[in-house]
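# Structural features, examined
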Amino acid sequence: GAGVSQTPSNKVTEKGKYVELRCDPISGHTALYWYRQSLGQGPEFLIYFQGTGAADDSGLPNDRFFAVRPEGSVSTLKIQRTERGDSAVYLCASSRSAGTSYADTQYFGPGTRLTVL
Amino acid sequence: AQSVTQLDSQVPVFEEAPVELRCNYSSSVSVYLFWYVQYPNQGLQLLLKYLSGSTLVESINGFEAEFNKSQTSFHLRKPSVHISDTAEYFCAVTPLDDKIIFGKGTRLHILP
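The text that follows walks through the structure, step by step, so that each part is easy to find. Keep in mind the model is a prediction, meaning the values are calculated, not measured.

### Notes on the overall build of chain A
- In terms of regular secondary structure, chain A is built from zero helices and eleven strands.
- Along chain A, helices (α) and strands (β) appear in the sequence β-β-β-β-β-β-β-β-β-β-β when read from the amino end.
- For a compact globule of 117 residues, the expected C-alpha radius of gyration is about 13 Å, and chain A comes in at 13 Å, within 12% of that figure.
- Each of the three principal axes of chain A carries a C-alpha extent, and together these read 40 × 30 × 25 Å.
- Carbon and sulfur atoms make up 48% of the accessible area of chain A, which totals about 5,400 Å².
- Within chain A, the 11 negative side-chain charges are centred at a point lying 6 Å from the centre of the 12 positive side-chain charges.

The structure is reproduced here in C-alpha cells:
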C-alpha cells in the first residue's frame, strides 16, 4: 500500500514569505506527527495530532509555526514570515495509534527540504 | 528532561566485519527505546524497538540491540555487515506516552 507522502519535496522561498508543507498519511492512521531535521541533527519533534486535534504542540518553536489536520487525514504545516534558520528537512510520520502512545510504530515520509534564502 | 547521546557521528567498518553503534540515554522515568535507519535517498524506517520484556531485541536484517538499564544504554550491533547496511542510524527514546527524542545519528560506512 501507499506510504506517507509529502509535498513538495523541495521548497525554496525568500525570507519573510509564507509557506505550506503538506503531508498525506497512510490511510487509516489516526496519529500524525511533524518533525524538523536540521543538518547534522536528528529529527526534532514539532507537533502530534490524534485525529483532527493537536494532542501535543510543545515542539513548535514559536507562533510563526502552525499545523492543521481539519478532516483527520491530510495535514498542513504552515510557516509564516520565514527566517533563514527555518531551513531544514520537515518530516511527517503517521501511526495507527488510537491512543496516546508514541511507542506505536511511526512510518515516515520522505520529507520536504525547505530552503529560506 | 530526556536526552539521547550517540557517541559516534561516523563509523567506518569493513564488509563482513562486526559493528556496534553506541547509544546512551538520560531519563528519570521509564522509557521506550528505538533504532531508526535512513538509507540513502529514503525516509526514516523503524529498525527495532524495546518496549518491555526481553532486553535483547532483534531486527529482520540481522541487527540486534540490548537494553541495559543500569548503564542507560541501547547499543546496536551486527555480527557481519554488508554493503547494503550503509545508512544513517538514529537512536531514539520516548518516556511513556510522550514525544520521541532522537539522537544526532551515526553514519555507517561499509568499506569493501
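From this point, the discussion proceeds with the structure in view.
### Brief notes about the environment of Ile79 of chain A
All names here are of chain A.
- If you trace the backbone, Ile79 turns up in strand 8 (residues 75–79).
- When the C-alpha positions of Ile79 and Ala31 are compared, they lie 21 Å apart, and in sequence the two are 48 residues distant.
- Setting aside residues no more than four positions away along its own chain, Ile79 makes contact with Lys17, Tyr18, Val19, Arg64, Phe65, Asp86, Tyr90 and Leu114.

### Examining the state of the cysteines
Residues and elements named next belong to chain A.
- Scanning all chains against the criterion turns up two disulfides over all chains.
- At a sulfur-sulfur separation of 1.8 Å, the disulfide partner of Cys23 is Cys92. Taking the torsion about the S-S bond as the criterion, the Cys23 to Cys92 disulfide, at about -65 degrees, is left-handed. You can see Cys23 sitting in strand 3 (residues 19–24) and its partner Cys92 sitting in strand 9 (residues 88–95), a full 69 residues away along the chain.

### Focus on the packing of aromatic side chains
- Under the counting rule described, the total for this entry stands at twelve aromatic pairs over all chains.
- Ring centres of Phe34 of chain B and Tyr36 of chain B lie 6.2 Å apart, and the angle between their planes is 40 degrees; on these two criteria the pair is classed as tilted. Both residues of the pair, Phe34 of chain B and Tyr36 of chain B, count as buried.
- Aromatic ring contacts, followed pair by pair, group Tyr33, Tyr35, Phe45, Tyr48 and Phe108 of chain A together with Phe34, Tyr36 and Phe102 of chain B into a single cluster.

### A few points about the side chain of Asp56 of chain A
- With respect to the secondary-structure elements, Asp56 of chain A resides in strand 6 (residues 53–56).
- There is no salt bridge for the buried Asp56 of chain A, and the closest opposite charge comes from Lys99 of chain B, which lies 4.2 Å off by N-O distance.
- Of the polar contacts made by the side chain of Asp56 of chain A, one reaches the side chain of Ser58 of chain A; its length is 2.6 Å.

### Regarding the nonpolar core
- In terms of nonpolar packing, the biggest core is built from 28 residues, with Trp35, Leu48, Phe74, Leu76 and Tyr89 of chain B touching the most fellow members.
- Those elements that provide at least two residues to this core are strand 2 (10–14), strand 3 (19–21), strand 5 (31–38), strand 6 (44–50), strand 8 (64–68), strand 9 (73–78), strand 10 (87–95) and strand 12 (106–111) of chain B.
- Grouped together as the second largest cluster of nonpolar side chains are 20 residues, Trp34, Phe65, Ala67 and Val116 of chain A included.

About the thresholds
- Residues numbered from 1 in each chain as written.
- Chains lettered and ligands numbered in written order.
- Predicted model: local features only at pLDDT ≥ 70, side-chain atom pairs only at ≥ 80, totals over all residues.
- Heavy atoms only, no water.
- Helix = DSSP H or I, 4+ residues; strand = E, 2+ residues; numbered from the N terminus.
- Rg over C-alpha atoms; globule rule 2.2 N^0.38 Å.
- Areas by Shrake-Rupley, 256 points an atom, 1.4 Å probe, with all protein chains shown as cover.
- Lys, Arg positive; Asp, Glu negative; His and termini not counted.
- Charge placed at Lys NZ, Arg CZ, Asp CG, Glu CD.
- Contact = heavy atoms within 4.5 Å.
- Disulfide = S-S within 2.5 Å.
- Phe/Tyr/Trp six-rings, centres within 6.5 Å; stacked < 30°, edge-to-face > 60°.
- Buried < 20%, exposed > 50% of the residue type's maximum accessible area, 1.4 Å probe, protein only.
- Salt bridge = Lys/Arg side-chain N within 4 Å of Asp/Glu carboxyl O.
- Polar contact = N/O pair within 3.5 Å; in protein donor to acceptor, adjacent residues only side chain to side chain.
- Core = buried A, V, L, I, M, F, W, Y, C linked by side-chain atoms within 4.5 Å.

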